[in-house]
Amino acid sequence: MAHVGGLGGNAINPDAGGIRPPVGEGRAVRPSSEGAPRIPNGATVEGLVLGKDGEMYQVRIGANLMNARSSIPLFIGQRFRAVWDSSATPPLLRLQGADMALLSRFTGRDQQIASALISRGLPVNDEVIWTLRQQWMQNGGNPSKMGALVELWARGAAMTEANVALLAWYMELSPERAMSIWKKIQDRVRSRKFDSPKELLAALKEDGDSEILDFLKAHALAGKPARRGLDPSLSLAPAWWPVGQDDGGPVMAKVSFSSEKAADRHIWWVSFDMDGNFLGPLQGSVMTDSKSLSVNLKLEDASRIQAVEDNLQALRDDLDELPFALQHLGVGALSRGRRSAETRRELDVEA
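The present account deals with the structure reproduced in this document. (Residues numbered from 1 in each chain as written. Predicted model: local features only at pLDDT ≥ 70, side-chain atom pairs only at ≥ 80, totals over all residues. Heavy atoms only, no water.)

Quick look at the pattern of salt bridges
If you walk through the whole model with that rule in mind, you get 13 salt bridges. The partner of E211 in a salt bridge is K184, and the shortest N-O contact between them spans 2.8 Å. With a gap of 27 residues between them, E211 in helix α8 (residues 210-222) and K184 in helix α6 (residues 175-191) connect regions that are remote in the sequence. You can call K184 partly exposed: its relative accessible area is 25%. (Salt bridge = Lys/Arg side-chain N within 4 Å of Asp/Glu carboxyl O. Helix = DSSP H or I, 4+ residues; strand = E, 2+ residues; numbered from the N terminus. Buried < 20%, exposed > 50% of the residue type's maximum accessible area, 1.4 Å probe, protein only.)

Below is the structure:
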């Protein structure tokens with residue numbers, strides 16, 4: 001399966017989902033513009049998990065949708081890099097050689113923990129394994145809880161039984177289901193005026209809709225910033241945010257957060273991914289130090305870049321209304337391998 005990010009905190013930062021040259025394994029191919037690509041057995045592929053049905057995953061590789069199994073669990077919204085094994089039907093996304101070698105160092109429960117870490121590109125070492133093993137045992141040792149435990153650890157959140165259950169449920173939500181819950185929340189907001197978020201939450205509790213309350217609690221957990229040094233936009237389960245409707249139905253953005261201190265200032269990043277009906281797959285990042293703002297938009301379909309550039313002034317006018325000095329607003333082709341470095345350069349924290 002999937003290698004998202006890198007081991008030991010060193011992210012791979014893959015380009016937009018497609019078929020990439022493998023490192024020492026198989027052959028590389030390019031997506032075909034005519035129907036689904038014929039992927040050679042053993043090729044390294046990159047893509048995005050769109051849905052899940054039992055052990056089957058719906059994935060997007062390049063511009064193509066297909067079904068596949070995976071050698072270790074994936075979650076909806078996850079980006080992956082894996083070896084394509086077409087020796088069976090349906091095909092299998094399996095670990096790369098380096099990941100398999102690392103996984104072979106562990107046995108039993110520790111191997112299950114290592115698998116959950118590898119699938120998210122998180123550091124795999126004895127200290128992290130020991131911490132998660134203790135928490136897993138305290139939560140009953142149920143294999144279905146491991147993914148949520150790892151997500152909570154990566155955010156520095158309490159790994160309680162309640163949090164594990166909430167986040168495990170949230171991670172299985174489809175974009176459509178998340179949108180339907182958001183719609184219920186929006187309907188309640190429109191039904192009356194609330195003077196503060198606290199008052200709104202109190203009203204939602206009085207309504208007694210347990211699904212809304214569970215969703216908001218889990219949403220808050222998924223929105224917690226990742227531990228220092230981790231890239232949540234590529235490795236962790238995203239928080240689902242509604243961004244509107246298009247001809248194809250509801251549009252949801254997968255949003256991740258991170259923060260760190262640099263030059264005696266706190267810096268915050270918000271990264272998001274979405275699939276637009278007209279623009280196609282789009283990734284964005286927003287960075288601020290509470291004074292300045294840097295915004296980047298990256299499109300997988302380079303032919304749509306000009307359409308966005310033609311409307312940048314309207315976006316700039318909207319951003320100018322915020323209490324931040326806009327230092328950078330850019331649009332370009334999606335290239336995840338350079339995103340983090342570019343974003344850091346484009347915000348002058350000394351200004």
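Once you've had a look at it, read on.
What about the nonpolar core?
Formed by 54 residues in total, the largest nonpolar core has its most connected members in L117, L122, L132, L167, Y170 and F215. The element contributing the most residues to this core is helix α4 (residues 146-155), with 7 residues. Listed in part, the 15 residues of the second largest apolar core include V255, L282, I305 and L319. (Core = buried A, V, L, I, M, F, W, Y, C linked by side-chain atoms within 4.5 Å.)

What about the packing of aromatic side chains?
According to the stated counting rule, one finds 3 aromatic pairs in the structure shown. Centroid distance Y170 to F215: 5.5 Å. Interplanar angle 45 degrees. Geometry classified as tilted. Pair noted here: Y170 is in helix α5 (residues 161-171) and F215 is in helix α8, with a separation of 45 residues, a long-range link. The burial state of Y170 is the same as that of F215; both residues are buried. Between W182 and F215, the ring centres sit 5.4 Å apart and the planes meet at 85 degrees, which makes this aromatic pair edge-to-face. Of this pair, W182 sits in helix α6 while F215 sits in helix α8, and the two are 33 residues apart along the sequence. (Phe/Tyr/Trp six-rings, centres within 6.5 Å; stacked < 30°, edge-to-face > 60°.)

Quick word on unusual backbone geometry
T89 connects to P90 through a cis peptide bond whose omega is -5 degrees. Relative to the helices and strands, P90 is located in the loop between β4 (79-85) and β5 (92-94).

Some words on the environment of V255
Among the structural elements, V255 can be located in strand β7 (residues 249-262). By relative accessible area, V255 is classed as buried at 8%. The spacing of V255 and G284 is 29 residues in sequence and 9.4 Å in space, taken between C-alpha atoms. Setting aside chain neighbours within four positions, we find V255 in contact with P238, A239, W241, V270, S271 and F272. (Contact = heavy atoms within 4.5 Å.)

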